Amino acid sequence: MKNREQNSFWRCGALMAGCNALWFFMLCGITVIALGSMVSKAFFAVLLLPFLLYGIWFLFHKKLLLPRNFPYGIAWWILCLAATLFMFWFAYSARVESLSWDWGRIIRTAGKYVLTGHMKDNVYYARYPNNQFWYMVMVVLFKIVHWFNPAAGQREFYLVSIAFGCLMVTGAIILLHMTANILWGAKKAFAAGCIAYLCLPLYMWALYAYTDTSGMLLLMFLLFIYVKAEKTEKLWQYTVYMGLIGLTGAIAWKVKVTVFIFVIAVFLVLLMKKVCGKKLLAGLLALALFFTLGKITADAGVSQVLALDEKFYDQHEFPLTHWIMMSLGYGGYRKEDVVFTSGFPTYKEKQEANVREIKRRLQEKGLPGSMRFFFYNKQVRTWGDSTFGGCDYLSREPVYPDGFLARFVTMEGDMNWLLLFYTSLYYGMLLAGMILSAYYGWKQRNDKEDFLFVGRLTMVGIAVFLTIWECNARYLVVFLPLMILLSCDGYMGWRERLGENGKGMA
């Protein structure tokens, strides 16, 4: 019996080590591609990166970085308040005039529904059902605003949505800090929170109350609950936490399907770790039950706002093959492909046409061309922007085109190079920390204590997903807090190993 348990533990450790090794090598390739892409935008930042890493190494040799009696809790909340106020100022100052792309369309249509009681964009929501739940959320938000202020119109709805976006990003950072506090204690959690608040792309994306910012909040809540579940020894608490993961996963499925990759990762980790039968069964049942209940409830809520019949869906909904086909263009959104898919009368005909076009495009590229396209071109588009598309989106009709902030955040701004210099340095440091986290996760033997393994597995999932799906640097914004936490894990592992060698703080 003992030998069987040892063999099971060894197989579990080997499997987790293999996944960590896979992510390590994937991340090394991503880092090379990302740095290569950033060279043309911020050459000196890439050049300075090794010296900055050396500075971190030198700093880690110090036995004490902050006083032992430093009030980390009070300092954190003061920092949180100050950074949140700055985020609000940043978002309102950098906001754009045009409510474009899906984010703006949802705000416009939700606002019109609240003001007129009519939905006039049924085709769009039948075509992209992934935006239906978030449309419902915005309708509820705007109804609350309209109840408090009957004179509120589209402008007021837009301004409130900006505040909503800022609160969601702030919530994600607070959950990052809370998770870090459980994993590492108050001191290291404070450091992780500071590092998160130094991430400028989070400020650049905070004004968008869309599935990117809400997905970010949901992902960090899922991670927080997962860590709480892993830390508890009581079966009933573990079951409750797994139920919460299932319920939140159902919302994530409706809000941002890429966040659901985390739930898949949790399921795989449960199987890999081979926890005791009673605990495994209780966890899986709670997860499945509450996911089902959450999805049914969410669908019922959406149907109250969007009453679309099956025939209408069959005429207008896009099959999943559309996004795979579209990704074979240059990797991102193509209006021509939308026109192509919408030109077929039924869902089945759309799907068949997409499959034929996918085959044609792959044959046209050939094997060498396809390999280069998937493993280089698409990776550059996904991982090669240190602002994660922030400058691009903030350059689309800014409200204050001649303002101080616009000089930095817009692509035409005369000080944009300075912002790119900073974000490139930050992104390079972020990737370096993630590499360290993957490496130490690969090499460590106590895999049951590797609570962030589920985060690395999630990143493997999103990296593979965006290789075959439509890709955009913006799609990584959801995962930024997770990436920051993984990077902190890497640097803290580095410092601990310096301490073990007698060179740093024990």
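Residues numbered from 1 in each chain as written. Predicted model: local features only at pLDDT ≥ 70, side-chain atom pairs only at ≥ 80, totals over all residues. Heavy atoms only, no water.

Overview of the overall build of the chain
Thought 1: Helix and strand counts for the chain come out as 22 helices and zero strands.
Thought 2: Rg of the C-alpha trace for the chain: 23 Å, near the compact-globule value of 23 Å for 506 residues, within the 12% margin.
Thought 3: Dimensions of the chain, computed from C-alpha atoms along their principal axes, come out at roughly 65 × 60 × 55 Å.
Thought 4: Expressed as a percentage of the 506 residues in the chain, the buried residues total 55%.
Thought 5: For the chain, the accessible surface area stands at approximately 23,200 Å², while carbon and sulfur atoms represent 66% of it.
Thought 6: Computing the positive centroid from 50 side-chain charges and the negative centroid from 32, the chain places the two 7 Å apart. (Helix = DSSP H or I, 4+ residues; strand = E, 2+ residues; numbered from the N terminus. Rg over C-alpha atoms; globule rule 2.2 N^0.38 Å. Buried < 20%, exposed > 50% of the residue type's maximum accessible area, 1.4 Å probe, protein only. Areas by Shrake-Rupley, 256 points an atom, 1.4 Å probe, with all protein chains shown as cover. Lys, Arg positive; Asp, Glu negative; His and termini not counted. Charge placed at Lys NZ, Arg CZ, Asp CG, Glu CD.)

A look at the pattern of salt bridges
Where charged atoms of side chains with opposite charge meet at close range, the side chains can pair.
Thought 1: For the structure shown, the criterion picks out 15 salt bridges.
Thought 2: Asp212 is the partner of Arg474 in a salt bridge, and the nearest nitrogen-oxygen pair spans 2.7 Å. Residue Arg474 is located in the loop between α21 (453–468) and α22 (480–500), and its partner Asp212 is located in helix α10 (residues 211–231); the two are separated by 262 residues in the primary sequence.
Thought 3: Across the pair Asp299 and Lys295 runs a salt bridge whose closest N-O atoms are separated by 3.2 Å. Placement of both Asp299 and Lys295 in helix α13 (residues 277–305) is noted, with a separation of four residues, approximately one turn of the helix.
Thought 4: By relative accessible area, which is 29% here, Asp299 ends up partly exposed.
Thought 5: Several salt bridges share partner residues, and in doing so they unite Arg334, Asp337, Glu357, Arg360, Arg361 and Glu364 into one network. (Salt bridge = Lys/Arg side-chain N within 4 Å of Asp/Glu carboxyl O.)

Some remarks on the packing of aromatic side chains
Thought 1: For the coordinates displayed, the defined rule picks out 48 aromatic pairs.
Thought 2: Members of the aromatic cluster, each reached through a chain of ring pairs, are Tyr113, Tyr124, Tyr125, Tyr128, Tyr135, Phe318, Trp323, Phe465 and Trp469.
Thought 3: Its end group placed over the ring of Phe373, Lys365 keeps NZ or CZ at 4.1 Å from the ring centre.
Thought 4: Directly above the aromatic system of Tyr440 lies the positively charged group of Arg497, at a separation of 3.9 Å from the ring centroid. (Phe/Tyr/Trp six-rings, centres within 6.5 Å; stacked < 30°, edge-to-face > 60°. Lys NZ or Arg CZ within 6 Å of the ring centre and 35° of its normal.)

Some words on the side chain of Thr232
Thought 1: On the secondary structure map, Thr232 appears in the loop between α10 and α11 (235–255).
Thought 2: At a separation of 3.3 Å, a polar atom in the side chain of Thr232 contacts the main-chain amide nitrogen of Lys234.
Thought 3: Excluding residues that lie within four positions of it along the chain, Thr232 makes contacts with Gln237, Tyr238, Tyr241 and Lys279. (Polar contact = N/O pair within 3.5 Å; in protein donor to acceptor, adjacent residues only side chain to side chain. Contact = heavy atoms within 4.5 Å.)

Describing the packing of helix α7 (residues 154–184) against helix α8 (residues 186–197)
Thought 1: Direction vectors running N to C along α7 and α8 enclose 155°, while the axes themselves pass 7 Å from each other. Between α7 and α8, the crossing angle belongs to the class labelled roughly antiparallel. The two elements α7 and α8 meet at a crossing, and its hand is right-handed. For the pair α7 and α8, contact is made by Thr170, Ile173, Leu176, His177, Ala180, Asn181 and Trp184 and by Ala186, Lys188, Ala189, Phe190, Ala192, Gly193, Ala196 and Tyr197, respectively.
Thought 2: Partitioning the contact of α7 with α8 into residue classes produces ten nonpolar, four polar and one charged. (Axes fitted to C-alpha atoms, helices over the stretch in contact; angles between N-to-C directions. Parallel < 35°, antiparallel > 145°, perpendicular 65-115°, else oblique. Left-handed = near helix turned anticlockwise from the far one by under 90°. Nonpolar A, V, L, I, M, F, W, Y, C, P; charged D, E, K, R; others polar.)

Considering a nonpolar patch on the surface
Thought 1: The grouping of Val39, Phe43, Phe44 and Leu47 at the surface amounts to a nonpolar patch, some 400 Å² of accessible area in total.
Thought 2: Here the element with the most residues in the nonpolar patch is helix α2 (residues 43–60); it accounts for three residues.
Thought 3: Residue placement: Phe44 occurs in helix α2.
Thought 4: Looking at Phe44, the relative accessible area reads 61%, which means it is exposed. (Patch = residues over 30% accessible without salt bridge, like charges linked within 9 Å, V, L, I, M, F, W, Y side chains within 5 Å.)

What to know about unusual backbone geometry
Phi is mostly negative for residues that are not glycine, and the peptide bonds are mostly trans.
Thought 1: Non-glycine residue Trp101 carries a positive phi angle of around 40°.
Thought 2: Structurally, Trp101 can be placed in helix α4 (residues 101–116).
Thought 3: Residue Phe388 is not a glycine yet carries a positive backbone phi of 55°.
Thought 4: For Phe388, the location among the structural elements is in the loop between α17 (347–383) and α18 (390–394).
Thought 5: Assessed through its relative accessible area of 2%, Phe388 is described here as buried.

Some details on a negative patch on the surface
Thought 1: Taken together, the side chains of Asp309, Glu310, Asp314, Glu349 and Glu352 present a region of like negative charge at the surface.
Thought 2: You can see Asp309 is positioned in the loop between α13 and α14 (310–316).

Some points on α8
Thought 1: End to end, α8 covers 16 Å across twelve residues, agreeing with the expected 16 Å (1.5 Å per residue, within 8%).
Thought 2: Every buried residue of α8 is accounted for by Ala189, Phe190, Ala192, Gly193, Ala196 and Tyr197. All buried residues of α8 fall inside an arc of 165° around its axis, so they share one side. (Expected span 1.5 Å × (residues − 1). Arc of directions from axis to C-beta.)

Some words on the side chain of Arg361
Thought 1: Topologically, Arg361 is positioned in helix α17.
Thought 2: Once residues within four sequence positions are removed from consideration, Arg361 is found in contact with Met325, Met326, Leu328, Gly329, Arg334 and Asp337.

Digging into helix α12 (residues 260–273)
Thought 1: Look at α12: 20 Å from first C-alpha to last across 14 residues, which is about the 20 Å you get at 1.5 Å a residue.
Thought 2: Summarising burial for α12: ten of the 14 residues are buried, a large majority.
Thought 3: The complete set of buried residues in α12 reads Phe260, Ile261, Phe262, Val263, Ala265, Val266, Val269, Leu270, Met272 and Lys273.

A few points about the confidence of the model for the chain
Thought 1: Summary statistics for the chain give a mean pLDDT of 89 and a share of 93% for residues scoring 70 or more.
Thought 2: A low-confidence stretch, residues 4–10 stays under pLDDT 50, and its non-local contacts, those more than four residues away or across chains, total three contacts.
Thought 3: Predicted confidence is poor over residues 502–506, with pLDDT under 50, and the contacts of this stretch with residues over four places away or in other chains come to twelve contacts. (pLDDT = per-residue confidence, 0-100.)

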